[in-house]
Amino acid sequence: MQTPPNPDSGALLFSQMLEILINGLARGSVYALVALGYTMVYGILGMINFAHGEIFMIGMFAAVFALGAMGSAGLVAVGITLPLAILLAMALSAGFGVMNERIAYRKLRGAHLLAPLTSAIGMSIVLQNFVMLSVTKGKVDFPRAVAQPLANTTWSLGPVQLTALQAVIFATTFALMCGLFWLVQRTRLGIALRAVAQDRTMASLCGMKVDRLIAFAFALGSALAAAAGAMVAMYQGVLRFDSGYMIGLKAFTAAILGGIGNIPGAVLGGLIIGLTEDLTSYTIKSEWKQTTAFAILILVLWLRPRGLLGERVADKV
Amino acid sequence: MHKFRTILTAAFAVGALLGCQKKENTLKIGLAGVQTGPDGEIGTAPIRGSQLAIDEWNAKGGVLGLQIEAVSRDDEGKANQAVAVAQELVAAGVKAVIGHFNSGCSLPASEVYHQAGIVQITPASTNPQVTERGFNQTFRLCGRDDQQGDVSAKFAFDSLELSKVAVIHNKTAYGQGIAEVFRKTFEAKGGNVSLFDGLASEEMDFRATISAIQKSGAQAVFFGGMYNQGGPFYNQLRQAGFKGAFLGGDGIYDGELIKTVGAKADSVFITFGPDFMATESAKPFLAAYKAKFGQDAGGYAIYGYDAANILLEAIQKAGTTDADKVSQTLRSQSWKGLTGDAEFDAKGDLKKANYVIWTIREGAFAVR
């Protein structure tokens, strides 16, 4: 039996709070990655991509199947297979993202706002059912051989215990976000994306291939969601065809909270929601975490109707 | 183009109408329950079990001289869908329903069956309220959460000698129901429930809750929920260094749980009916199930099989499909099934529900 910890001891409480912070940040950085996809599509089209959660879910499945295939082909070194699986998942999901744009958005570009919105919801249902019927309606387990060693490896940073699993999540998220900021702020492609976001007509008059750039934004967002999916699959241990629903909803909320259309805002929103949820679970009750997360959202929207960082319109992509 | 579409639509509509014109010389039995979604796997098993029983009856010549037609419907494990399914079944003219699986579905659906005067036997809904509303024609061929949570709490206190347990549920009628009964019994025995909390049934990251469990000083965790969450919850508990027992109800009794937690999972204790699968009389059923569906029958399939057999036997014996007469017949005697002798009380519950404690041994469920 475990020896019950003494809740009065301040040092212990401090280290537990740090642990909660780490857990919350891990959860939040995943929300942030998914939220980036929502925010980019909104920035460029002014629409919400409701199939984004499903792209995330496809990323989960792709990563697991890639790992399974590599495992049966004899490749077992986690240091090689895991990054490879994440990259494969990103590529596949990017493909699905582009397809989603082609089918649900491009044809309806001039239509009423509700048309692409509805077609995206339709896409979401189609993709979910496609995976359910063609893969499995049951759950799929993330390969234990990959997740277990990562979960059991822990590093102590002062009073905090960080598992390799969490380290992978932080490192990957951080690298991808830096990459995205660099791409959007420092490259010609990024400038083109921002130009399309600011004024689509003007951008096309200047000779930019608007359709291609929009498809590229979808691909980019989808690849980020797939990376998040691969990591969530690893972190939770199980995945199912409807796994994208909840996270999609939370990430969407995060994007709104941070100011939809704003890239740093999506990251900030994701981290705030992840931290709020875990702090609520720990200090109050898990039952309340939805309530506090959304209460914060409402409060922020009262004070800043365009979200926390929503005013800097020039940055939106 | 538009004309063509209109014609096509009209053709479909006419086709659909013609399809309904089939002559009614069959006895329709509704098989309702979750077949897709989170509980899809576990919920399909009893429906297949019932289907098997119906096939056997049809091979023997049916019931009351009529062939039996199974009308299977998926309620997706959702309450509103369950009501829609129930209305569809009533409209389709079923004479009785076997289902639903989830308590959250059986509760609203039974209102529809009650109003339509249709016999309902659920093979798996364990929430006490299912039979507590004075519905004369609602039956269940399984135990109740108050029995189940009770057995688990007594086992935790008496056999495992635990004094402090965290109780976590999935906020559903089933999960929260069983968790509340566990808490009541455990506290009545003098135990301490150090944390009582719920997580949405889609949630798969339990780490913050686990920190709270550890903070509360719990020696063990009771989980009121389903296998799809139970597996990752158990794994994450162990990853966080929590070594105490993991208790749960029949919702986590599914082979998929073992696939997630691994064959070496220790200290998992589940309440479920006695081990009927190992009995000699169940062998033909198990073989037939595997032959027809290409899968081993999960623990629930046998309940669906028995429910269908008992229902059809009662209809045969009553000589009518009239709900009141069939209900009366169901209560009047003891019914032989693979799950033992079933006797229904005035509420429609089994007079004797025998939950036992199961655990995971060598990669399979085994009675402790």
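Because the structure is predicted, anything quoted here is derived from the model rather than measured.

Undergrad: Residue-level account of the sheet that holds strand β5 (residues 138–140) of chain B, with values.
TA: Residue and element names in this part refer to chain B. Reading across the sheet, the five strands line up as β2-β1-β3-β4-β5 and stay open at both edges, with parallel pairing between neighbours. The two strands at the open ends of the sheet, each matched to only one other strand, are β2 (67–74) and β5. Across this sheet, the average inter-strand angle for adjacent strands is 20°, counted without regard to direction. Of the strand pairs in this sheet, strand β1 (residues 26–33) and strand β3 (residues 96–98) are connected by three bridges, and their pairing is parallel. Across the sheet, residue Ile 29 finds its bridge partner in β3, namely Ala 96.

Undergrad: With reference to specific residues and values, describe the side chain of Thr 39 of chain A.
TA: Relative to the elements of secondary structure, Thr 39 of chain A occurs in helix α1 (residues 10–45). One polar contact links the side chain of Thr 39 of chain A to the main-chain amide nitrogen of Gly 261 of chain A, over a distance of 2.8 Å.

Undergrad: Please set out the domain arrangement of chain B residue by residue, giving values where relevant.
TA: Accessible area lost upon the coming together of the parts is a frequently used measure of interface size. Residues and elements named next belong to chain B. Assigned domains within chain B: domain 1 (24–144 + 279–342) and domain 2 (146–275 + 356–367). A separation of 29 Å is found between the C-alpha centroids of domain 1 and domain 2. Counting residues at the interface gives 17 residues for domain 1 and 16 residues for domain 2. For domain 1, the biggest contributors to the area lost against domain 2 are Ile 42, Arg 144 and Tyr 300; these three give 37% of the whole. One can count one salt bridge joining domain 1 with domain 2. The residue Arg 144 makes a salt bridge to Asp 146 at a minimum N-O spacing of 2.9 Å. Sorting the residues of the side of domain 1 that touches domain 2 by element identifies α2 (40–59) and α4 (103–116) as the ones contributing at least two each. By residue class, the composition of the side of domain 1 that touches domain 2 is seven nonpolar, seven polar and three charged.

Undergrad: Give a detailed account of the side chain of Arg 240 of chain A, specifying residues and quantitative values.
TA: Among the secondary structure elements, Arg 240 of chain A is positioned in the loop between β4 (238–239) and α10 (243–258). Given a relative accessible area of 5%, Arg 240 of chain A falls into the buried group. Here the side chain of Arg 240 of chain A touches Asp 242 of chain A through a polar contact of 2.9 Å, side chain to side chain. Each residue touching Arg 240 of chain A, except ones within four places of it in the same chain, is listed here: Met 57, Phe 61, Lys 137, Gly 138 and Lys 139 of chain A together with Pro 38 and Asn 228 of chain B.

Undergrad: Tell me about the sheet that holds strand β6 (residues 164–169) of chain B, residues and numbers included.
TA: Residue and element names in this part refer to chain B. The seven strands are arranged β7-β6-β8-β9-β10-β13-β14 in an open sheet whose pairing can be described as mixed. Since the sheet does not close on itself, it has two edges, and those belong to β7 (192–198) and β14 (364–367), each with one partner. Adjacent strand axes in the sheet meet at a mean angle of 25° when their direction is disregarded. On top of the sheet, helix α5 (residues 145–159) reaches β8 (220–224), β9 (246–248), β10 (268–272) and β13 (356–361); it is set at about 145° to β10, its chief contact. Along the sheet, helix α8 (residues 227–239) contacts β6, β8, β9 and β10; its crossing angle with β8, the most-contacted strand, is approximately 165°.

The rules behind these values
Residues numbered from 1 in each chain as written. Chains lettered and ligands numbered in written order. Predicted model: local features only at pLDDT ≥ 70, side-chain atom pairs only at ≥ 80, totals over all residues. Heavy atoms only, no water. Pairing = 2+ DSSP bridges. Helix = DSSP H or I, 4+ residues; strand = E, 2+ residues; numbered from the N terminus. Axes fitted to C-alpha atoms, helices over the stretch in contact; angles between N-to-C directions. Polar contact = N/O pair within 3.5 Å; in protein donor to acceptor, adjacent residues only side chain to side chain. Domains from an automatic or database assignment. Contact = heavy atoms within 4.5 Å. Buried area = accessible area lost by both parts, 1.4 Å probe. Salt bridge = Lys/Arg side-chain N within 4 Å of Asp/Glu carboxyl O. Nonpolar A, V, L, I, M, F, W, Y, C, P; charged D, E, K, R; others polar. Buried < 20%, exposed > 50% of the residue type's maximum accessible area, 1.4 Å probe, protein only.

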